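Architecture at a glance
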Amino acid sequence: EVIGETLEEKAGALVKVAEFIRVTDLLRAAGIDCVALKGPLLSFRLYGDTTVRRYGDIDLLVDNGQVERARGKLLAAGYTEYMFRWPDSERGRQKALKYWHHIAFRNPDGEVITELHWKLSNRQWFNFRDPSRFVSENLCTAEFSGNSYSVLTPEAELLYLVIHGGAHRWGML
């Protein structure tokens with residue numbers, strides 16, 4: 001869905017773009033690599049404008065070994081967990097890493113949600129034996145706002161978007 005041209009809609013989109021830059025800068029400063037999924041970079045890559053494509057939240061993919069560290073950095077920066085709390089026990093965290101695929105955070109202003117993903121989906125795709133290998137073998141970079149961001153290659157991103165859309169039953173259409 002494409003964002004309209006009203007000032008309110010564009011301003012709302014710019015708030016999300018600013019949040020994307022803020023959270024990726026925070027992770028970058030901590031030495032935590034992430035892959036930008038959907039969101040402002042997809043809009044920028046498709047339309048040359050981060051404020052054209054409608055999206056609800058910021059989606060970032062990190063290595064599952066970096067989830068706890070990234071979570072700690074977000075919490076220290078004033079973010080709060082949204083919808084689900086990260087388990088306190090080691091066993092609970094291992095289950096979360098196995099059965100969940102992301103945890104969400106609300107920014108300090110309470111306006112934007114960032115989902116910190118450690119896998120693309122909580123369902124295995126097409127019998128992929130190692131989904132993290134699929135990601136690592138299908139990365140490229142996108143330049144935006146003076147920074148280089150890791151993103152999926154166009155072909156991998158199209159596959160991801162089709163599968164993601166199917167999982168959501170194309171409800172956003």
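The structure displayed is predicted, hence computed values, not measured ones.

Definitions and limits used
- Sequence order sets the numbering: in each chain, residues are counted from 1 along the sequence as written.
- For this predicted model, a pLDDT threshold of at least 70 governs which residues receive local features, and a threshold of 80 or more governs which side-chain atom pairs are given and counted, while totals over whole chains, interfaces and linings are taken from all residues.
- To obtain the side-chain values, all non-hydrogen atoms of the structure were included, while hydrogens and water were left out.
- Definition used for salt bridges: Asp or Glu carboxyl oxygen within 4 Å of a side-chain nitrogen of Lys or Arg.
- Secondary structure elements are defined from DSSP: runs of H or I of at least 4 residues count as helices, runs of E of at least 2 residues count as strands, and each element is numbered from the N terminus.
- Throughout, exposure labels follow a simple rule: accessible area from a 1.4 Å probe, protein chains only, divided by the maximum for the residue type, with under 20% read as buried, over 50% as exposed, and the rest as partly exposed.
- Here a polar contact is taken to be a pair of N or O atoms separated by no more than 3.5 Å, where protein atoms must pair a possible hydrogen donor with a possible acceptor and residues adjacent in sequence count only if both atoms sit in side chains.
- The contact rule is simple, with two residues in contact once any of their heavy atoms fall within 4.5 Å.
- By nonpolar core we mean a set of buried residues, namely Ala, Val, Leu, Ile, Met, Phe, Trp, Tyr and Cys, connected to one another through side-chain atoms within 4.5 Å.
- Any two strands are treated as partners once DSSP identifies two or more bridges connecting them.
- Comment: arc refers to directions from the helix axis out to C-beta atoms.

**Focus: the pattern of salt bridges**
Taken as a whole, this structure holds 11 salt bridges when the rule is applied. Here Glu90 ties to Arg93 by a salt bridge, and the two come within 3.1 Å at their closest N and O atoms. Of this pair, Glu90 and Arg93 both sit in helix H4 (residues 90-99), 3 residues apart, which is roughly one turn of the helix. On the basis of relative accessibility, which here comes to 44%, the residue Glu90 falls in the partly exposed class. For Arg93, a relative accessible area of 15% translates into the label buried. One salt-bridge network, held together by shared partners, links Glu68, Glu90 and Arg93.

**Remarks on the side chain of Lys38**
Relative to the helices and strands, Lys38 resides in the loop between strand S1 (35-37) and helix H2 (39-47). The buried category is assigned to Lys38, whose relative accessible area is 13%. Of note is the side chain of Lys38, whose polar atom sits 3.5 Å from the side chain of Asp59.

**Description of the environment of Glu157**
Tracing the sequence through the fold places Glu157 in helix H6 (residues 154-167). Expressed as a C-alpha distance, the spacing of Glu157 and Asn138, which sit 19 residues apart in the sequence, is 8.7 Å. Those residues within four positions of Glu157 in sequence are excluded, and the remaining contacts are Lys38, Leu42, Arg45 and Leu152.

**Section: the nonpolar core**
Counting 29 residues, the largest nonpolar core has Phe20, Leu41, Ile58, Leu60, Trp86 and Leu116 as its most contacted members. Where this core is concerned, the elements lending two or more residues are helix H1 (7-29), strand S2 (58-61), helix H3 (67-76), H4, strand S4 (102-106), strand S6 (139-144) and strand S7 (147-152). It is H1 that provides the largest number of residues to this core, a total of 4 residues. Setting aside anything within four residues of it in sequence, one finds Leu116 in contact with Leu60, Val62, Val67, Ala70, Arg71, Leu74, His101, His102, Ile103 and Phe105. Grouped together as the second largest cluster of nonpolar side chains are 9 residues, Val35, Leu37, Leu152 and Ala156 included.

**Notes on the pairing of S2**
The side-chain alternation of S2 yields two buried faces, one formed by Ile58 and Leu60 and the other by Asp59 and Leu61. Here S1 pairs with S2 via 3 bridges, running antiparallel. Paired with Leu37 across the strands is Asp59, a residue of S2. Direction of pairing for S2 relative to strand S5 (residues 113-117): parallel, over a ladder of 4 bridges. Bridging from a neighbouring strand, Ile58 pairs with Thr114 of S5.

**Focus on H4**
The complete set of buried residues in H4 reads Gly92, Arg93, Ala96 and Leu97. An end-on view of H4 places all buried positions within 140° of arc, on one side of the element. Relative to its buried face, H4 has exposed residues pointing more than 90 degrees away, namely Arg91, Lys98 and Tyr99. Buried-residue contacts for H4 involve H3.

**Concerning the environment of Glu8**
Here Glu8 lies in helix H1. Note on Glu8: relative accessible area 63%, which makes it exposed. Taking the C-alpha atoms as reference, Glu8 lies 34 Å from Trp100; in sequence the two are 92 residues apart.

**Thoughts on the pairing of S7**
Relative to S7, S6 is paired through 6 bridges, and the arrangement is antiparallel. By the bridge assignment, Glu143 is partnered in S7 with Ser148.

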